[in-house]
Amino acid sequence: MSKRALKKHLLDLDNAALQEQIMELYDRIPAVKTYYDFVFNPKEDKLVDEAKVKISNEYFPTRRKRARKRRSVAQKYIKHFKTLGMNPLLLVDVMLFNIEIAQTYAQGTTPQPDAFYKSMLNSFKELVQYATYHHLLEEVGDRIERIVSLTEDERWPNATLFDEAADPE
């Protein structure tokens, strides 16, 4: 169904029928429930804290011995927060935390597989692009610089690419 057809259909409904359809969507589709729960009671700080705990458990597990180091866990939260329309500054904070916790894990350990460095670079590029788009580089510039300098200090194989990605112009 096209947007135009949907709009026409919704205009034809009376208020009670429209309310009934929205309630049915709320009951049947979890994504709609999640959206309305967020819109009317955002609790963004709580969501960010939960995401940070899950992300840090990927590198510093509390219930198992080995770190999984899955970038996909952080990406799932970032995508979800974008869909909800979360405050961009809080989303950038989660993106930064993801890279910072991975760097903390990699410090002083044996070299990581190349895929680890590549995925962190991809996360970093996404972060810089998102922060640039939302005009947040000034607010998070010092954290971005720390990430770049740590990649150089720890001699990451792609440290120069981090430095290039940090300068969006």
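Thresholds, definitions, all that
Residues numbered from 1 in each chain as written. Predicted model: local features only at pLDDT ≥ 70, side-chain atom pairs only at ≥ 80, totals over all residues. Heavy atoms only, no water. Helix = DSSP H or I, 4+ residues; strand = E, 2+ residues; numbered from the N terminus. Phe/Tyr/Trp six-rings, centres within 6.5 Å; stacked < 30°, edge-to-face > 60°. Buried < 20%, exposed > 50% of the residue type's maximum accessible area, 1.4 Å probe, protein only. 1 Å grid on protein atoms, 1.4 Å probe; cavity = no way out; pocket = protein on both sides within 12 Å on 5 of 7 lines; lining within 4 Å. Points joined across faces, edges and corners; volume = space filled by probe spheres on them. Nonpolar A, V, L, I, M, F, W, Y, C, P; charged D, E, K, R; others polar.

Student: For this particular structure, what's the right way to read unusual backbone geometry?
Tutor: The phi angle of most residues is negative, glycine excepted, and most peptide bonds adopt the trans form. The backbone of Lys69 sits at a positive phi, close to 55°, despite the residue not being glycine. Positive phi, normally seen in glycine, also occurs at Arg155, with a value near 55°. Structurally, Arg155 is set in the loop between helix H8 (137-153) and helix H9 (159-166).

Student: Would you take a moment to explain the packing of aromatic side chains for this structure?
Tutor: To describe a pair of aromatic rings, you give the distance between the ring centres and the angle between the ring planes. Per the stated rule, a full pass over the model turns up 10 aromatic pairs. Seen from their ring centres, Tyr77 and Phe81 are 6.0 Å apart, and the 45° between their planes marks the pair as tilted. Remark: Phe81 and Tyr77 occur in helix H5 (residues 71-84); sequence separation between them is 4 residues, near one turn of the helix. Overall, Phe81 belongs to the buried group, its relative accessible area being 1%.

Student: Before we go on, may I ask you to explain the layout of surface pockets in this structure?
Tutor: The probe, sized like a water molecule, is rolled over the atoms to show the empty space still left. The space that makes up the largest pocket amounts to roughly 250 Å³. Around the largest pocket sit 13 residues that line it, and Thr34, Leu47, Glu50, His80 and Leu84 are the ones nearest its centre. Elements supplying a minimum of two residues to the lining of the largest pocket: helix H3 (30-40), helix H4 (44-59) and H5. At 4 residues, H5 tops the list of elements feeding residues into the lining of the largest pocket. The class makeup of the residues in the lining of the largest pocket is 6 nonpolar, 3 polar and 4 charged.

By themselves, these observations are geometric and do not establish any function.
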